[in-house]
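Spelled out from the first residue to the last, the chains are:
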Amino acid sequence: MKKKYCLSVDIGASSGRLILGDLHEDQLNLEEIHRFDNSIIEKNGYFCWDIDALFFEIKTGIQKCNQIGIQPVSIGIDTWAVDFVLLDERDQPLTDSVSYRDPRTDGIMEEVLEIFMKERLYLETGIQFQKFNTIYQLYALKKQNPEVLEKAKSFLMIPDYLHFLLTGRKANEYTNATSTQLINAFTKKWDKEIINTLGLNVEMFEEIKMPKETLGSLREELVEEFGFDMDVILPATHDTGSAVLAVPELEDTIYISSGTWSLIGVENHFPICVTKALDYNFTNEGGMDYQFRFLKNIMGLWMIQEVRRNYDNQYSFAELVDLSRAVSGFESTVNVDDQRFLKPDNMIEEIQNYCKETSQTVPEQPGEIAKCVFESLANSYKKAVAEIENIFEKEFSTVNVIGGGCQNELLNQLIADVTKKEVYAGPVEATAIGNLVVQFIAIGEIENIDKARGIIKKSFEVKKYTYS
Ligand code: LFR
């Protein structure tokens, strides 16, 4: 029988990749076809994503498959969450794709919380309060550019829009839609009451579709361009949703999906909207098969990415880790979850100012800055672990770090040392793997997610760190 390939497109805030997957005797093989950079650009006074450039890179990757003689049977795209594109009646974008790091939502969450009680929003949606959630972005738009919303006929999140460009079909994929804070955690549908109360047009929201559903085949002009057709199968289009599917073992495990953000939590069968969870600001994001990711966002490697950029990319990430390792006796830390680190003009200065304001020694050398970032992240993980254990009233034995950030050995060891738990690191390409297994389930090559996790366990290396 001819081997079947599925193609995953995973785009994060700092890079994107197209990875082919194929199954051979319960072994999932990956082949990276194309990798490209992504970053926030300034356009017309907003921090934006260059969505046209991203679509161009996706097309380049598809063409590269064909060049090596592989025509995948399906493709699925995942990206970060919360951001969206609004289309007019001719299906044309009404604005640039503004990034969630843009300050347009400053102060907006507080205004929305005058309309809804925090407890009510939490009870209905289960979603954590972050000033950049789609709900606040849409409300900001309503206040600042009402004419845009008046013209909007379709609301598509970033992967929905890229899928639309591929197929011509519009739908809102469930896992990503939950990050809007506009989906009811119990009905799993758009919460029309919240949407109407905010004065948003409920008609612009599309039908919710679940991961595993086939959206459609490629547009005719793309079939001509590529020389072949394939199905677009919806993965968990929220990258964290895909990544968590690739955690090989969930029993007694707290995962950290480590990339631009660190998402720390556990998988659950139902949303937990108790007061403690609200106070700790944990979220219940919708997952595949209506599971929930109970987790919280920690500022993550964004901090070191920005530090590196502020040093004009003079140092690689590995060099920053080495420089940090070489520093001794420097102990200043920052609260990484302080919103001042979301998009400061200069991350290095922001860290230094924080240390100054809190009467700590100010980091000056790159190694000191990096050490401060890694140790501060580890502290924040430690706190989140304690919060999870407090809510579940039990101890977890392991932490499983997945995603690109799990290659940071220094941080893995720090996590083991501060949490006093065994740390497993891997798989590195968790998001692409999670995306691929959903496509393989959809085409009948893997039975279900449990089986997929077994395959992932056998196929990818996971490294163990013990605490000292
Ligand atoms: C990670 C992620 C997080 C989400 C943040 C913003 O890439 O998707 O899960 O909270 O980006 O969208």
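Note that this is a predicted model, so its numbers are computed, not measured.

Caption draft 1: Seen up close, the nonpolar core. Core analysis: the biggest nonpolar cluster contains 132 residues, and Met303, Val373, Tyr381, Ile415 and Val437 have the highest contact counts within it. Take this core: its biggest share by element is eleven residues, from helix H15 (residues 366-392). Split by domain, the residues of this core number at least three in each of domain 1 (5-233) and domain 2 (249-426). Non-local contacts of valine 373, meaning those with residues more than four positions away in its chain, are made with Met303, Ile304 and Val307.

Caption draft 2: Up close: unusual backbone geometry. For the bond from glycine 426 to proline 427, the omega torsion is 0°, close enough to zero to count as cis. As for its position among the elements, proline 427 is in the loop between strand S19 (422-425) and helix H17 (430-442). Even without being a glycine, lysine 188 presents a positive backbone phi close to 65°. Given 14 C-beta atoms within a 10 Å radius, lysine 188 is considered partly exposed.

Caption draft 3: Just the UniProt feature "active site" (unreviewed entry) in the chain, in detail. Mapped onto the present numbering, the UniProt feature "active site" (unreviewed entry) falls at Asp239. Structurally, the position occupied by aspartate 239 is in helix H10 (residues 239-245). For aspartate 239, a count of 32 C-beta atoms within 10 Å corresponds to the buried category. Apart from the residues within four sequence positions on either side, aspartate 239 is in contact with Asp10, Gly12, Asp78, Thr79, Trp80 and Thr431.

Caption draft 4: Highlighting the domain arrangement of the chain. For the chain, the domain assignment lists domain 1 (5-233) and domain 2 (249-426). Averaged C-alpha coordinates put domain 1 and domain 2 at centres separated by 25 Å. Contact residues are listed per partner, giving 22 residues for domain 1 and 20 residues for domain 2. Looking at the side of domain 1 that touches domain 2, the elements that each hand over two or more residues are helix H3 (118-125) and helix H7 (174-177). Looking at the side of domain 1 that touches domain 2, the element that brings in the most residues is H3, giving three residues.

Caption draft 5: The arrangement of the site of the ligand in detail. Inspection of the region around the ligand gives 13 residues, with Trp80, Ala81, Val82, Thr240 and Trp261 positioned closest. Classifying every residue of the shell around the ligand by side-chain character gives six nonpolar, six polar and one charged. Two domains share the shell around the ligand, each providing at least three of its residues, namely domain 1 (5-233) and domain 2 (249-426).

Procedures and definitions
Residues numbered from 1 in each chain as written. Predicted model: local features only at pLDDT ≥ 70, side-chain atom pairs only at ≥ 80, totals over all residues. Core = buried A, V, L, I, M, F, W, Y, C linked by C-beta atoms within 7 Å. Buried ≥ 20, exposed ≤ 12 C-beta atoms within 10 Å, placed from the backbone. Helix = DSSP H or I, 4+ residues; strand = E, 2+ residues; numbered from the N terminus. Domains from an automatic or database assignment. Contact = placed C-beta atoms within 7 Å. UniProt positions renumbered as here; feature names shortened; annotations may be inferred. Near = placed C-beta within 6 Å. Nonpolar A, V, L, I, M, F, W, Y, C, P; charged D, E, K, R; others polar.

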